[in-house]
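What the coordinates show
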Amino acid sequence: MSIEVDYRFPTGVDVEKQAKVIAVGQTAGTWNARFAHLENVFRSHLGTVVQGVINPDGSGLATIRFPEANVENDIPTLLTMIFGKYSMAGPAKVMAVRLPEHYGRHPKFGITGIRERLGVVDRPLIMAIFKPALGLSAEDHGAILQEVAGAGLDIIKDDEILGDLEIAPTLKRLEVCRKVLDEIKQQTGRTVLYAVNVTGSADKLLDKAHTLVKEGANALRLNVLTYGFSVLEALAADPEINVPIFAHPALAGALCGAPNHGMAYSVVLGTLMAHGGADAVLYPAHYGSLPFDPEEEKRIRDSLRSRNVFPVPSAGIHAGIVPKVVADYGQEVILNAGTGIMDHPDGPAAGVKAFFEALHSVG
């Protein structure tokens, strides 16, 4: 089996030469006569250039095929192989990665599992974010959750900036919010997911995740790019972490934003997240508050859905653009709003209801 990667080079770069540099230098490398007896082995590990073309704008695009035997069925060794050292060699951008279906991990829950947990099968899901991001006490979080959950909200999450801080320690937030979730369940029969932020040093993070689940967390939220794909993979592989994992795109701009360096957003937030074990992935919507390419957004959406991962277009989502989101996504989408719900002039509960009214208006 093999892995194919598309690299884009700016005008002036010798596409054929650079493609060969990547194919050889990111795999077996070169060898001399001392190792002639191992030549067949080395060649089995070499990357091969499938094609190189010049685009109408003068940029170049090369496709390189890598042996799957060179990696460990994970994202870290994959990234090291396809772009590790070469990422520092000059202008080049990874535009697409095509992985075998079996590569990496499938989500434990994904679209179907999250819907089963919530008991909602026939409409987009509605998710809110605790705002303000910092400064709220655990009791403040509980009061907000009471409002929005009572109004019919499906999911709420911590802001990506919120860590295990003294003003609202993670376990205390969970304790307070868990009581609210239990009350909602008892009163209405509805399940509401609270994706609590998992943070901490590498030697403690998995233990913290275990503790959160044991204490009643029914979803987790992870800054995958700041903590690393190996953390996501470890959480997704752990049978004791039997709750959905929501992946946040924090730091993605540093990896993807430059035109001639890094990787495309659709690679990082689409392909890699989909093969890394995430159940739902947040990313900017092109009609939101962050500049984003609609075509990249579509590629992320389609990549995630191809592996049953929930797409979560975010950043500046409000009830007024629900018709656009539904037109682009249909039913299989999570509508994620922070200020779009929390800053509603009539309060957060009214913000949630505005989203339901918008969904009802589009059928």
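Residues numbered from 1 in each chain as written. Predicted model: local features only at pLDDT ≥ 70, side-chain atom pairs only at ≥ 80, totals over all residues. Heavy atoms only, no water.

What follows concerns the overall build of the protein. The helix and strand tally for the protein stands at 15 helices and 12 strands. A globule of 363 residues ought to have a C-alpha radius of gyration of about 21 Å, and the protein, at 22 Å, matches this closely. The burial tally for the protein puts 52% of its 363 residues in the buried class. Surface exposure of the protein reaches about 15500 Å², of which carbon and sulfur atoms provide 54%. (Helix = DSSP H or I, 4+ residues; strand = E, 2+ residues; numbered from the N terminus. Rg over C-alpha atoms; globule rule 2.2 N^0.38 Å. Buried < 20%, exposed > 50% of the residue type's maximum accessible area, 1.4 Å probe, protein only. Areas by Shrake-Rupley, 256 points an atom, 1.4 Å probe, with all protein chains shown as cover.)

Membership of the largest hydrophobic core comes to 95 residues, with the highest contact counts inside it found for Ile3, Tyr7, Leu220, Met273 and Ile341. Here this core gets 6 residues from one element, more than from any other, and that element is helix 11 (residues 265–276). Excluding its chain neighbours within four sequence positions, the residues that come into contact with Tyr7 are Ile22, Gly60, Leu61, Ala62, Ile64, Phe66, Ile82, Phe83, Lys93 and Val94. Listed in part, the 17 residues of the second largest apolar core include Ile111, Ala195, Leu282 and Phe310. (Core = buried A, V, L, I, M, F, W, Y, C linked by side-chain atoms within 4.5 Å. Contact = heavy atoms within 4.5 Å.)

With an omega of -5°, the peptide bond running from Lys131 to Pro132 counts as cis. Along the polypeptide, Pro132 turns up in the loop between strand 5 (125–129) and helix 5 (138–150). Here Asn73, not a glycine, exhibits a phi torsion of approximately 60°, which is positive. Along the chain, the position of Asn73 falls in the loop between strand 3 (60–67) and helix 3 (75–83). On the accessibility criterion, Asn73 (35% relative accessible area) is partly exposed. Phi at Ala315 takes a positive value of approximately 75°, unusual for a residue other than glycine. Looking at the secondary structure, you find Ala315 in the loop between strand 11 (310–314) and helix 13 (322–329).

Glancing now at helix 13. All buried positions along helix 13 are accounted for by Val322, Val325, Val326 and Tyr329. End-on, the buried residues of helix 13 take up no more than an arc of 95°, which puts them together on one face. Along its buried surface, helix 13 packs onto strand 10 (280–284), helix 12 (294–305), strand 11, strand 12 (334–337) and helix 15 (348–361). Positive backbone phi, at 70°, marks Gly330, one or two positions downstream of helix 13. (Arc of directions from axis to C-beta.)

Turning next to the pattern of salt bridges. Enumeration according to the criterion identifies 16 salt bridges in this entry. The closest approach of N and O atoms between Glu4 and Arg98, which form a salt bridge, is 3.2 Å. Of this pair, Glu4 sits in strand 1 (residues 2–9) while Arg98 sits in strand 4 (residues 93–98), and the two are 94 residues apart along the sequence. Taking relative accessible area as the criterion, Arg98 reaches 35% and is therefore assigned partly exposed. The salt bridge involving Glu332 is made with Arg115; its shortest N-O contact spans 3.0 Å. (Salt bridge = Lys/Arg side-chain N within 4 Å of Asp/Glu carboxyl O.)

Taken in spatial order, the 4 strands make up an open sheet running 2-3-1-4, and their pairing is antiparallel. With one partner strand each, in any of the chains shown, strand 2 (48–54) and strand 4 form the two edges of the open sheet. Pairwise comparison of adjacent strand axes, ignoring direction, gives a mean angle of 20° for this sheet. The pairing of strand 2 with strand 3 spans 6 bridges and is classified as antiparallel. Residue pairing for strand 3: Val53 is matched across the bridge by Leu61. Seen against the sheet, helix 3 touches strand 1, strand 3 and strand 4 and runs at an angle of roughly 50° to strand 1. (Pairing = 2+ DSSP bridges. Axes fitted to C-alpha atoms, helices over the stretch in contact; angles between N-to-C directions.)

Moving on, we get to the side chain of Glu233. Relative to the helices and strands, Glu233 is located in helix 9 (residues 229–237). Despite its burial, Glu233 pairs with no opposite charge; the closest candidate is Arg105, at 7.6 Å N-O. In this structure Glu233 touches Asp74, Ile75, Pro76, Arg105 and Gly276, once residues within four positions along its chain are discounted. (Lys, Arg positive; Asp, Glu negative; His and termini not counted.)

Partitioning the protein into structural domains gives domain 1 (1–96) and domain 2 (107–359). Taken over C-alpha atoms, the centre of domain 1 sits 35 Å from the centre of domain 2. Listed by partner, the interface residues are 15 residues for domain 1 and 17 residues for domain 2. Summed over both partners, the interface of domain 1 with domain 2 buries about 1200 Å², with 65% contributed by carbon and sulfur atoms. Looking only at domain 1, the three residues that lose the most surface to domain 2 are Ile75, Leu79 and Lys93, adding up to 42% of its buried area. For the pair domain 1 and domain 2, the interface holds 0 salt bridges. When contributions to the side of domain 1 that touches domain 2 are tallied by element, the ones reaching two or more residues are helix 3 and strand 4. Looking at the side of domain 1 that touches domain 2, the element that brings in the most residues is helix 3, giving 5 residues. Its residues placed into classes, the side of domain 1 that touches domain 2 shows 11 nonpolar, 1 polar and 3 charged. (Domains from an automatic or database assignment. Buried area = accessible area lost by both parts, 1.4 Å probe. Nonpolar A, V, L, I, M, F, W, Y, C, P; charged D, E, K, R; others polar.)

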